[in-house]
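Structure assessment
In case you want the letters, here they are:
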Amino acid sequence: MKQLKQYENKPKLYEKSTQKFWDDPYISKGMLEAHLNPDMEAATRREKFVINSVNWIDERIPSANYPKLLDLGCGPGIYAELFSNKGYQVTGFDLSKRSIDYAKTRAKEKKLEIQYVEGDYVSDDFGSGYDLITMIYCDFGVLSTDDRKTLLKKIHASLNDGGCFLFDVFTIEKYRGKKEYKEWSIEEQGFWREETSLILKSFYRYEAETTFLEQYIIINESGMECCNIWEHVFTLEEIERDLKEVGFHDISIYGDVAGKPYKKSGETICLIAKK
Ligand SMILES: C[S@@+](CC[C@H](N)C(=O)[O-])C[C@H]1O[C@@H](n2cnc3c(N)ncnc32)[C@H](O)[C@@H]1O
(Lines give C-alpha, C1' and ligand atoms only; values in the text may rest on other atoms or scores of the structure.)
Protein backbone atom coordinates (compact mmCIF):
# COMPACT_ATOMS: atom_id res chain seq x y z
CA MET A 1 0.00 0.00 0.00
CA LYS A 2 3.08 2.25 -0.13
CA GLN A 3 2.00 3.00 -3.68
CA LEU A 4 -1.03 4.90 -2.35
CA LYS A 5 1.13 7.78 -1.14
CA GLN A 6 1.78 8.91 -4.74
CA TYR A 7 -1.93 9.64 -5.19
CA GLU A 8 -2.14 12.00 -2.25
CA ASN A 9 -1.36 15.06 -4.37
CA LYS A 10 -2.75 16.52 -7.55
CA PRO A 11 -1.26 14.62 -10.52
CA LYS A 12 0.91 16.38 -13.09
CA LEU A 13 -0.93 17.64 -16.16
CA TYR A 14 -1.68 14.76 -18.54
CA GLU A 15 -0.11 12.15 -16.26
CA LYS A 16 -0.88 8.76 -17.79
CA SER A 17 -3.13 6.04 -16.40
CA THR A 18 -1.94 2.62 -15.32
CA GLN A 19 -5.48 1.33 -15.98
CA LYS A 20 -6.72 0.78 -19.55
CA PHE A 21 -10.19 2.15 -20.23
CA TRP A 22 -11.82 1.60 -23.64
CA ASP A 23 -9.74 -1.48 -24.42
CA ASP A 24 -9.87 -3.18 -21.01
CA PRO A 25 -11.61 -6.58 -21.38
CA TYR A 26 -13.90 -6.07 -18.33
CA ILE A 27 -14.64 -2.33 -18.60
CA SER A 28 -15.27 -2.54 -22.35
CA LYS A 29 -18.18 -4.91 -21.66
CA GLY A 30 -19.96 -2.21 -19.67
CA MET A 31 -19.03 0.45 -22.22
CA LEU A 32 -20.48 -1.60 -25.08
CA GLU A 33 -23.75 -1.93 -23.15
CA ALA A 34 -23.72 1.84 -22.64
CA HIS A 35 -23.14 2.42 -26.38
CA LEU A 36 -26.04 0.17 -27.29
CA ASN A 37 -28.56 1.63 -24.85
CA PRO A 38 -30.55 4.08 -27.04
CA ASP A 39 -31.68 6.11 -24.01
CA MET A 40 -28.27 6.55 -22.40
CA GLU A 41 -25.98 9.54 -22.93
CA ALA A 42 -22.76 7.83 -21.75
CA ALA A 43 -20.69 6.32 -24.58
CA THR A 44 -22.91 7.41 -27.49
CA ARG A 45 -25.52 10.16 -27.49
CA ARG A 46 -29.22 9.20 -27.45
CA GLU A 47 -30.56 7.45 -30.54
CA LYS A 48 -32.84 10.33 -31.63
CA PHE A 49 -29.91 12.74 -31.59
CA VAL A 50 -27.67 10.32 -33.53
CA ILE A 51 -30.29 9.93 -36.30
CA ASN A 52 -30.77 13.72 -36.55
CA SER A 53 -27.01 14.14 -36.59
CA VAL A 54 -26.44 11.73 -39.49
CA ASN A 55 -29.34 13.30 -41.45
CA TRP A 56 -27.81 16.75 -41.00
CA ILE A 57 -24.27 15.62 -41.88
CA ASP A 58 -25.58 13.96 -45.04
CA GLU A 59 -27.34 17.20 -46.05
CA ARG A 60 -24.40 19.43 -45.17
CA ILE A 61 -21.54 17.21 -46.53
CA PRO A 62 -23.38 14.78 -48.85
CA SER A 63 -22.05 11.35 -49.76
CA ALA A 64 -22.38 12.20 -53.47
CA ASN A 65 -19.64 14.84 -53.08
CA TYR A 66 -17.73 13.30 -50.15
CA PRO A 67 -17.94 9.52 -50.73
CA LYS A 68 -15.04 8.15 -48.66
CA LEU A 69 -15.75 8.59 -44.94
CA LEU A 70 -13.55 7.68 -41.97
CA ASP A 71 -15.22 7.61 -38.54
CA LEU A 72 -12.55 7.92 -35.83
CA GLY A 73 -13.60 6.36 -32.52
CA CYS A 74 -16.50 4.60 -34.26
CA GLY A 75 -17.31 2.40 -31.23
CA PRO A 76 -19.71 -0.43 -32.14
CA GLY A 77 -20.56 1.28 -35.44
CA ILE A 78 -23.74 3.16 -34.56
CA TYR A 79 -22.89 6.17 -36.75
CA ALA A 80 -20.98 4.04 -39.28
CA GLU A 81 -24.07 1.97 -40.14
CA LEU A 82 -26.24 5.05 -40.58
CA PHE A 83 -23.56 6.70 -42.75
CA SER A 84 -23.34 3.53 -44.84
CA ASN A 85 -27.12 3.58 -45.34
CA LYS A 86 -26.77 7.16 -46.64
CA GLY A 87 -24.36 5.96 -49.33
CA TYR A 88 -20.94 6.81 -47.86
CA GLN A 89 -18.10 4.27 -48.23
CA VAL A 90 -17.33 3.94 -44.55
CA THR A 91 -14.22 2.98 -42.62
CA GLY A 92 -14.69 2.78 -38.85
CA PHE A 93 -11.58 2.98 -36.64
CA ASP A 94 -11.53 2.24 -32.91
CA LEU A 95 -9.30 1.14 -30.07
CA SER A 96 -11.81 -1.24 -28.49
CA LYS A 97 -11.53 -4.81 -29.76
CA ARG A 98 -14.90 -5.61 -28.24
CA SER A 99 -16.61 -2.75 -30.12
CA ILE A 100 -14.86 -3.52 -33.42
CA ASP A 101 -15.73 -7.25 -33.16
CA TYR A 102 -19.36 -6.34 -32.47
CA ALA A 103 -19.44 -3.84 -35.36
CA LYS A 104 -17.94 -6.36 -37.81
CA THR A 105 -20.50 -9.03 -36.88
CA ARG A 106 -23.39 -6.56 -37.30
CA ALA A 107 -22.12 -5.36 -40.68
CA LYS A 108 -21.91 -8.97 -41.89
CA GLU A 109 -25.43 -9.74 -40.66
CA LYS A 110 -26.85 -6.60 -42.26
CA LYS A 111 -24.76 -7.04 -45.42
CA LEU A 112 -23.21 -3.59 -45.06
CA GLU A 113 -19.94 -2.86 -46.84
CA ILE A 114 -18.22 -1.16 -43.90
CA GLN A 115 -14.53 -1.62 -43.21
CA TYR A 116 -13.74 -1.76 -39.50
CA VAL A 117 -10.18 -1.40 -38.21
CA GLU A 118 -8.94 -1.83 -34.65
CA GLY A 119 -6.22 0.65 -33.66
CA ASP A 120 -5.13 3.75 -31.78
CA TYR A 121 -5.72 6.86 -33.87
CA VAL A 122 -2.85 8.74 -32.23
CA SER A 123 -0.16 6.11 -32.82
CA ASP A 124 -1.47 3.83 -35.61
CA ASP A 125 -1.96 4.42 -39.32
CA PHE A 126 -5.58 4.95 -40.36
CA GLY A 127 -5.00 5.23 -44.09
CA SER A 128 -5.60 8.12 -46.50
CA GLY A 129 -7.71 9.26 -49.43
CA TYR A 130 -10.74 10.26 -47.32
CA ASP A 131 -13.25 12.94 -48.32
CA LEU A 132 -14.80 13.25 -44.87
CA ILE A 133 -13.39 12.37 -41.45
CA THR A 134 -15.71 12.41 -38.44
CA MET A 135 -14.80 12.27 -34.75
CA ILE A 136 -17.97 12.55 -32.72
CA TYR A 137 -18.80 13.01 -29.03
CA CYS A 138 -15.97 15.31 -28.02
CA ASP A 139 -13.22 12.69 -28.06
CA PHE A 140 -10.68 15.22 -29.34
CA GLY A 141 -10.56 17.04 -25.99
CA VAL A 142 -9.61 13.96 -23.95
CA LEU A 143 -6.17 13.89 -25.59
CA SER A 144 -3.05 15.66 -24.28
CA THR A 145 -1.87 18.83 -26.07
CA ASP A 146 0.85 16.87 -27.92
CA ASP A 147 -1.51 14.06 -28.94
CA ARG A 148 -4.08 16.57 -30.21
CA LYS A 149 -1.42 18.17 -32.41
CA THR A 150 -0.24 14.79 -33.72
CA LEU A 151 -3.77 13.67 -34.49
CA LEU A 152 -4.78 16.91 -36.24
CA LYS A 153 -1.72 16.66 -38.50
CA LYS A 154 -2.54 13.02 -39.30
CA ILE A 155 -6.17 13.86 -40.07
CA HIS A 156 -5.14 16.73 -42.36
CA ALA A 157 -2.63 14.49 -44.17
CA SER A 158 -5.12 11.68 -44.70
CA LEU A 159 -7.84 13.86 -46.29
CA ASN A 160 -8.10 14.46 -50.01
CA ASP A 161 -7.78 18.10 -51.10
CA GLY A 162 -11.16 19.74 -50.49
CA GLY A 163 -12.04 17.06 -47.91
CA CYS A 164 -13.61 17.93 -44.54
CA PHE A 165 -13.00 17.13 -40.89
CA LEU A 166 -16.14 17.24 -38.73
CA PHE A 167 -15.87 16.99 -34.94
CA ASP A 168 -17.13 18.44 -31.69
CA VAL A 169 -15.54 19.75 -28.50
CA PHE A 170 -16.81 20.80 -25.08
CA THR A 171 -16.66 24.41 -23.88
CA ILE A 172 -16.11 25.69 -20.35
CA GLU A 173 -19.89 25.57 -19.83
CA LYS A 174 -19.61 21.82 -19.14
CA TYR A 175 -17.59 22.50 -16.00
CA ARG A 176 -18.77 25.94 -14.93
CA GLY A 177 -19.14 26.06 -11.16
CA LYS A 178 -17.88 22.48 -10.62
CA LYS A 179 -15.48 22.41 -7.69
CA GLU A 180 -12.58 20.02 -7.00
CA TYR A 181 -13.54 17.07 -4.76
CA LYS A 182 -12.48 13.66 -3.48
CA GLU A 183 -14.89 10.83 -2.65
CA TRP A 184 -14.82 7.08 -2.19
CA SER A 185 -17.13 4.10 -2.67
CA ILE A 186 -17.07 0.32 -2.51
CA GLU A 187 -18.27 -1.48 -5.62
CA GLU A 188 -19.23 -5.15 -5.98
CA GLN A 189 -19.32 -6.33 -9.59
CA GLY A 190 -19.16 -2.67 -10.46
CA PHE A 191 -18.08 -0.59 -13.43
CA TRP A 192 -14.33 -1.05 -12.86
CA ARG A 193 -13.99 -4.63 -11.57
CA GLU A 194 -15.91 -7.83 -11.08
CA GLU A 195 -14.26 -8.31 -7.68
CA THR A 196 -15.17 -6.10 -4.75
CA SER A 197 -13.08 -2.92 -4.98
CA LEU A 198 -12.53 0.35 -3.19
CA ILE A 199 -12.81 3.26 -5.63
CA LEU A 200 -11.21 6.59 -4.77
CA LYS A 201 -12.48 9.30 -7.10
CA SER A 202 -11.02 12.79 -7.39
CA PHE A 203 -11.89 15.74 -9.58
CA TYR A 204 -9.22 18.37 -10.34
CA ARG A 205 -9.11 21.62 -12.32
CA TYR A 206 -5.96 22.68 -14.24
CA GLU A 207 -4.41 25.29 -16.51
CA ALA A 208 -6.43 28.46 -16.03
CA GLU A 209 -9.54 26.28 -15.68
CA THR A 210 -9.58 24.79 -19.17
CA THR A 211 -8.35 21.25 -18.42
CA PHE A 212 -9.98 18.84 -16.00
CA LEU A 213 -9.20 15.43 -14.54
CA GLU A 214 -11.45 12.72 -13.21
CA GLN A 215 -9.14 10.30 -11.44
CA TYR A 216 -10.19 6.84 -10.29
CA ILE A 217 -7.94 4.71 -8.08
CA ILE A 218 -9.15 1.14 -8.00
CA ILE A 219 -7.99 -0.94 -5.04
CA ASN A 220 -8.72 -4.61 -4.40
CA GLU A 221 -7.00 -7.90 -3.52
CA SER A 222 -5.38 -8.03 -6.97
CA GLY A 223 -3.64 -4.68 -6.50
CA MET A 224 -4.08 -1.03 -7.29
CA GLU A 225 -4.56 0.80 -10.61
CA CYS A 226 -5.17 4.40 -11.54
CA CYS A 227 -7.33 5.68 -14.40
CA ASN A 228 -6.88 9.33 -15.33
CA ILE A 229 -9.62 10.68 -17.57
CA TRP A 230 -8.48 14.07 -18.89
CA GLU A 231 -10.59 16.63 -20.65
CA HIS A 232 -9.55 19.89 -22.25
CA VAL A 233 -12.34 22.34 -23.11
CA PHE A 234 -12.05 24.93 -25.87
CA THR A 235 -12.90 28.46 -26.77
CA LEU A 236 -13.80 29.01 -30.40
CA GLU A 237 -10.60 31.05 -30.85
CA GLU A 238 -8.37 28.22 -29.54
CA ILE A 239 -9.83 25.43 -31.64
CA GLU A 240 -9.89 27.58 -34.80
CA ARG A 241 -6.24 28.49 -34.20
CA ASP A 242 -5.30 24.78 -33.76
CA LEU A 243 -7.06 23.84 -37.01
CA LYS A 244 -5.47 26.68 -39.01
CA GLU A 245 -2.02 25.81 -37.62
CA VAL A 246 -2.08 22.44 -39.42
CA GLY A 247 -3.46 23.91 -42.65
CA PHE A 248 -7.26 23.69 -42.39
CA HIS A 249 -9.30 26.62 -43.75
CA ASP A 250 -12.95 27.55 -44.43
CA ILE A 251 -14.01 26.54 -40.93
CA SER A 252 -17.76 26.38 -40.31
CA ILE A 253 -19.10 26.55 -36.77
CA TYR A 254 -22.24 25.02 -35.24
CA GLY A 255 -23.55 24.40 -31.72
CA ASP A 256 -23.58 20.60 -32.08
CA VAL A 257 -23.08 17.78 -34.61
CA ALA A 258 -26.78 17.93 -35.53
CA GLY A 259 -26.43 21.47 -36.92
CA LYS A 260 -27.76 23.59 -34.03
CA PRO A 261 -26.62 27.23 -34.44
CA TYR A 262 -23.47 28.11 -32.47
CA LYS A 263 -23.93 30.12 -29.26
CA LYS A 264 -21.13 31.36 -27.03
CA SER A 265 -23.03 30.04 -24.00
CA GLY A 266 -23.41 26.51 -25.46
CA GLU A 267 -21.80 23.39 -23.96
CA THR A 268 -20.43 22.11 -27.29
CA ILE A 269 -18.97 23.47 -30.52
CA CYS A 270 -19.10 21.50 -33.77
CA LEU A 271 -16.52 22.39 -36.39
CA ILE A 272 -16.31 21.49 -40.06
CA ALA A 273 -12.86 22.31 -41.38
CA LYS A 274 -11.74 22.05 -45.02
CA LYS A 275 -8.40 20.86 -46.34
C1 LIG B 1 -17.22 8.57 -26.28
S2 LIG B 1 -17.04 7.19 -27.37
C3 LIG B 1 -17.76 7.86 -28.83
C4 LIG B 1 -18.11 6.81 -29.84
C5 LIG B 1 -18.81 7.31 -31.12
N6 LIG B 1 -18.06 8.34 -31.78
C7 LIG B 1 -20.19 7.73 -30.80
O8 LIG B 1 -20.46 8.94 -30.65
O9 LIG B 1 -21.01 6.83 -30.70
C10 LIG B 1 -15.28 7.19 -27.73
C11 LIG B 1 -14.83 6.08 -28.65
O12 LIG B 1 -13.49 6.35 -29.04
C13 LIG B 1 -12.70 5.19 -28.90
N14 LIG B 1 -11.33 5.64 -28.63
C15 LIG B 1 -10.88 6.27 -27.54
N16 LIG B 1 -9.57 6.56 -27.67
C17 LIG B 1 -9.17 6.07 -28.88
C18 LIG B 1 -7.93 6.04 -29.59
N19 LIG B 1 -6.83 6.60 -29.06
N20 LIG B 1 -7.90 5.47 -30.80
C21 LIG B 1 -9.02 4.90 -31.35
N22 LIG B 1 -10.22 4.91 -30.72
C23 LIG B 1 -10.31 5.49 -29.51
C24 LIG B 1 -13.34 4.40 -27.79
O25 LIG B 1 -13.03 3.03 -27.85
C26 LIG B 1 -14.81 4.71 -28.01
O27 LIG B 1 -15.42 3.79 -28.85
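Our subject is the structure listed above.
So, a few notes on the structure that sits alongside this text. (Residues numbered from 1 in each chain as written. Predicted model: local features only at pLDDT ≥ 70, side-chain atom pairs only at ≥ 80, totals over all residues. Heavy atoms only, no water.)

**Focus on the site of the ligand**
- The full set close to the ligand counts 16 residues, and Thr-44, Gly-73, Asp-94, Tyr-121 and Ile-136 are the nearest of them.
- Within the backbone of Tyr-121, a nitrogen or oxygen atom sits 2.9 Å from a nitrogen atom of the ligand.
- Here the shell around the ligand is composed, by residue class, of seven nonpolar, six polar and three charged. (Near = heavy atom within 4 Å. Polar contact = N/O pair within 3.5 Å; in protein donor to acceptor, adjacent residues only side chain to side chain. Nonpolar A, V, L, I, M, F, W, Y, C, P; charged D, E, K, R; others polar.)

**Notes on the nonpolar core**
- If you look at the biggest cluster of nonpolar residues, it comprises 29 residues, and the most contacted ones within it are Ile-57, Phe-83, Leu-132 and Leu-166.
- Elements with a minimum of two residues in this core: α2 (47-60), α3 (78-85), α4 (97-109), β5 (159-170) and β11 (268-274).
- For this core, the leading source of residues is α2, giving five residues.
- Once residues within four sequence positions are removed from consideration, Phe-83 is found in contact with Val-54, Ile-57, Leu-69, Tyr-88, Val-90, Thr-134 and Ile-136.
- Judged by nonpolar contacts, the second largest core, of 28 residues, contains Leu-152, Ile-239, Leu-243 and Ile-251. (Core = buried A, V, L, I, M, F, W, Y, C linked by side-chain atoms within 4.5 Å. Buried < 20%, exposed > 50% of the residue type's maximum accessible area, 1.4 Å probe, protein only. Helix = DSSP H or I, 4+ residues; strand = E, 2+ residues; numbered from the N terminus. Contact = heavy atoms within 4.5 Å.)

**With respect to the layout of surface pockets**
- Within this model, the second largest pocket holds a volume of roughly 340 Å³.
- Looking at side-chain class alone, the lining of the second largest pocket contains nine nonpolar, five polar and five charged residues. (1 Å grid on protein atoms, 1.4 Å probe; cavity = no way out; pocket = protein on both sides within 12 Å on 5 of 7 lines; lining within 4 Å. Points joined across faces, edges and corners; volume = space filled by probe spheres on them.)

**Notes on the sheet that holds strand β4 (residues 130-135)**
- Read from one edge to the other, the open sheet built from seven strands follows the order β3-β2-β1-β4-β5-β11-β10, with strand pairing classed as mixed. Here the strands that pair on one side only, and so sit at the sheet edges, are β3 (115-118) and β10 (249-254). The sheet shows a mean angle of 15° between the axes of neighbouring strands, taken without regard to direction.
- Relative to β11, β5 runs antiparallel, the two sharing seven bridges. Across the sheet, residue Val-169 finds its bridge partner in β11, namely Ile-269.
- In this fold helix α6 (residues 236-245) packs onto β5, β10 and β11, with an angle of close to 25° to the strand it touches most, β11. (Pairing = 2+ DSSP bridges. Axes fitted to C-alpha atoms, helices over the stretch in contact; angles between N-to-C directions.)

**Quick look at the pattern of salt bridges**
- Summed over the entire model, instances satisfying the criterion amount to eleven salt bridges.
- Here Lys-97 and Asp-101 are joined by a salt bridge, their closest N and O atoms 2.9 Å apart. Of this pair, Lys-97 and Asp-101 both sit in helix α4, four residues apart, roughly one helical turn. (Salt bridge = Lys/Arg side-chain N within 4 Å of Asp/Glu carboxyl O.)

**Description of the sheet that holds strand β9 (residues 223-232)**
- Taken in spatial order, the four strands of this open sheet run β6-β7-β8-β9, and their pairing is antiparallel. The sheet terminates laterally at β6 (181-187) and β9, the two strands that pair on one side only. Here the strands of the sheet are splayed against their neighbours by 15° on average, with no regard to which way each runs.
- Across seven bridges, the pairing between β6 and strand β7 (residues 197-206) is antiparallel. Within β7, the position partnered with Glu-187 by the bridge is Ser-197.

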